[in-house]
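Inside the fold
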Amino acid sequence: MEIDLRYTAAWTRAFWTVLILAGSVPSLLSQDDQRLAALSFEQQGRVAEAESAWSAFSGTHPSNPEVLAHLGLLQAREGHYAEAVVFYHKALRLDPAMPGLRLNLGLSYFKAGDYRPAIQILGLLLQAEPGDQRLTILVGTAHFGLGEYAAAVTFLKRASEHDPKSLPLLLVLGHSCLSAKQFQCVVDVYHQIIALNAESAEADMLGGEALDEMKDKIGATQEFRAAVNANPKEPNAHFGLGYLLWTQYQYPEAALEFQAELDNAPDHMQAALYLADADIQMSRMDEARTLLEKLVKTSPDVSLAHLDLGVVYSEMGHTHEALTELQTAVRLAPAEVNAHWRLGRLYGSMGMTTEAKTEFENARTLNKASSEGLLDVMTRVTVKRETKAPVEAETQLGR
């Protein structure tokens, strides 16, 4: 789950300010000097020196919560969030009232992708300060990261009312509304985005996803075409258009869009997978084979890649290789009806009637709840930019 919140000047204004101590570093002649030196190194971004200074200070103050809190802060700034959490918890046990400590603990959980404890901590802080915009956004995006979209809407809508001109915030709100199937909310957000930026490719994509959810494939396709025209480099715009065309059996044009996505992002696994499938539908087995053999090496746990490669090998008469791939597809996705059916068909062609009967029976008894939609696919292929909160800096510790 990083759809991305992009940093803008508006978000930057919300960042916590780091106070820089002026003057030169004092000589380490006293305990006060040790502490001041540690603070000075820390606030200058000299992490190694700061860690050494705080460690020296802790030698004479082994139970000082400030030392533990600052060591946690340094770990967090280095991206070592699990280690930061340990230090913060130790400090919290010694001084539960230290200013900024709980916020920094919540931020470390958030940035580690551990959203449940982040919500528990940041939510309590928000209850104490219900108007805090940064906390509101953090809690909302944490709910989004957990897939709790209705809860995310509640907080992000409140945040967007406070800052109605923030495009990144509107985008994550729109995706939350869409995933929660609150379509009027999606429409409202779409119009807000268009009012701010009439040429927003991301807004067109949001509208396209909403229309597809409402079973309007023609309208959805038009929106994604608009997104591609607005910004041919927009991540996943070509893929989304290609997928919509693929579902409408327009394989030649779909293949062009998948290829365009790969031109923008050569490591786009889903674009390569669907391009290969489009090639299969157009009987371009050699092209599909090249793509799929690369995919199963780079993404060996993708069942559909093994399934399609098994189909290609079957069509090319490579029975042994086809059997290996289809068996792998069934192992990776035992609920995939088509994998069992294809494997049963291959067993039948090999004269293995008992095995074929078993696979056909598996295919018949499996219930596919519903066919996959654009929203499901786009959720998988999009790096969740929305879970990248606009408040990234830890707060200054201390009283």
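Everything numeric in this text was worked out from a predicted model, so none of it was measured.

Some words on the environment of A203
With respect to the helices and strands, the residue A203 is situated in helix α12 (residues 201-213). For the pair A203 and L170, spaced 33 residues apart in the sequence, the C-alpha separation amounts to 9.4 Å. Apart from the residues lying within four places of it in its own chain, the contact partners of A203 are L171, Y190, I193 and I194.

Some points on the state of the cysteines
Evaluation of the coordinates by the stated rule reveals one disulfide. The disulfide partner of C177 is C185, and the gap between their sulfur atoms is 1.9 Å. With respect to class, C177 is no different from C185; both count as buried.

Describing the packing of helix α11 (residues 183-196) against α12
Viewed as axis vectors pointing N to C, α11 and α12 meet at an angle of 160 degrees, and their least axial separation amounts to 10 Å. The orientation of α11 relative to α12 falls into the category roughly antiparallel. For the pair α11 and α12, the crossing hand works out as left-handed. Across the interface between the two elements, F183, V186, V189, Y190, I193 and I194 of α11 pack against A203, D204, L206, G207, A210 and E213 of α12. Each residue belonging to the contact of α11 with α12 can be placed in one class, and the counts come to nine nonpolar, one polar and two charged.

Some words on the nonpolar core
In terms of nonpolar packing, the biggest core is built from 50 residues, with F224, F239, I280, L292 and A305 touching the most fellow members. Residue contributions to this core peak at eight residues, all from helix α16 (residues 269-281). Judged by nonpolar contacts, the second largest core, of 28 residues, contains L68, A84, V85 and I119.

Focus on the packing of aromatic side chains
The description of an aromatic ring pair rests on the distance of the ring centres and on the angle between the ring planes. Enumeration over the complete set of coordinates arrives at nine aromatic pairs. Measuring from ring centre to ring centre gives 5.4 Å for F110 and Y115, while their planes differ by 70 degrees; the resulting arrangement is edge-to-face. With a centroid separation of 5.5 Å and 85 degrees between ring planes, the pair formed by Y243 and Y274 is classed as edge-to-face. Of this pair, Y243 sits in helix α14 (residues 237-247) while Y274 sits in helix α16, placing them 31 residues apart in sequence. Pairwise contacts between aromatic rings join F239, Y243, W246, F258 and Y274 into one cluster.

Let's talk about helix α18 (residues 303-315)
Over its 13 residues, α18 runs 19 Å from end to end, which matches the ideal 18 Å to within 8%, given 1.5 Å per residue. Burial of α18 is extensive: ten of the 13 residues sit out of reach of the surface. Where α18 is concerned, the buried positions are S303, A305, H306, L307, D308, L309, G310, V311, V312 and Y313. Two residues or fewer after α18 comes G317, characterised by a positive phi angle close to 85 degrees.

A short note on the environment of L241
Along the chain, L241 falls in helix α14. For L241, a relative accessible area of 2% gives the class buried. Distance from L241 to V228, taken between C-alpha atoms, is 8.1 Å for residues 13 residues apart in sequence. Non-local contacts of L241, meaning those with residues more than four positions away in its chain, are made with T221, F224, R225, V228 and E257.

Focus: unusual backbone geometry
At K181, a position not held by glycine, the phi torsion is positive, near 60 degrees. In this structure, K181 sits in the loop between α10 (167-179) and α11. One non-glycine residue, K215, lies in positive phi territory at about 65 degrees. With respect to the element layout, K215 can be found in the loop between α12 and α13 (217-230).

Comments concerning the pattern of salt bridges
Under the defined criterion, the tally for this structure stands at eight salt bridges. E148 serves as the salt-bridge partner of R116, at 2.4 Å between the closest nitrogen and oxygen. On the criterion of sequence distance, the pair formed by R116 in helix α7 (residues 115-128) and E148 in the loop between α8 (133-145) and α9 (149-162) is long-range, its members being 32 residues apart. Residue classification places E148 among the partly exposed residues on the basis of a relative accessible area of 24%. For R284, the salt bridge goes to D279, with nearest N and O atoms at 3.1 Å. The exposure class of R284 is partly exposed, given its relative accessible area of 33%.

Cut-offs applied
Counting of residues starts from 1 at the beginning of each chain's written sequence and follows it residue by residue. This being a predicted model, a pLDDT of at least 70 is required before a residue's local features are given, and a value of 80 or more before pairs of side-chain atoms are given or counted; all residues contribute to the totals for chains, interfaces and linings. Remark: hydrogens and water are excluded; side-chain values derive from all non-hydrogen atoms of the structure. The helix and strand labels rest on DSSP assignments: H or I over at least four residues marks a helix, E over at least two residues marks a strand, and numbering proceeds from the N terminus. By definition, residues are in contact when any of their heavy atoms lie within 4.5 Å. Disulfides are defined in this document as cysteine sulfur pairs within 2.5 Å. Throughout, exposure labels follow a simple rule: accessible area from a 1.4 Å probe, protein chains only, divided by the maximum for the residue type, with under 20% read as buried, over 50% as exposed, and the rest as partly exposed. All axes are obtained by fitting lines to C-alpha atoms, using only the stretch in contact for helices, and the reported angles, taken between N-to-C directions, cover 0 to 180 degrees. Reported orientations rely on four angle classes, namely roughly parallel under 35 degrees, roughly antiparallel over 145, roughly perpendicular from 65 to 115, and oblique for the rest. Crossing chirality is assigned from the near helix's rotation relative to the far helix, an anticlockwise turn below a right angle marking it left-handed and a clockwise turn marking it right-handed. Residues were grouped as follows: Ala, Val, Leu, Ile, Met, Phe, Trp, Tyr, Cys and Pro as nonpolar; Asp, Glu, Lys and Arg as charged; and all remaining residues, including Gly, as polar. We define the nonpolar core as a collection of buried residues of types Ala, Val, Leu, Ile, Met, Phe, Trp, Tyr and Cys that are connected through side-chain atoms lying within 4.5 Å of one another. Paired rings are identified among Phe, Tyr and Trp, the last through its six-membered ring, by centres lying within 6.5 Å, and are further divided according to the angle between planes into stacked (under 30 degrees), edge-to-face (over 60) and tilted (the rest). Expected helix span is computed as 1.5 Å times (number of residues minus one). Salt bridge criterion: a side-chain nitrogen from Lys or Arg within 4 Å of a carboxyl oxygen from Asp or Glu.

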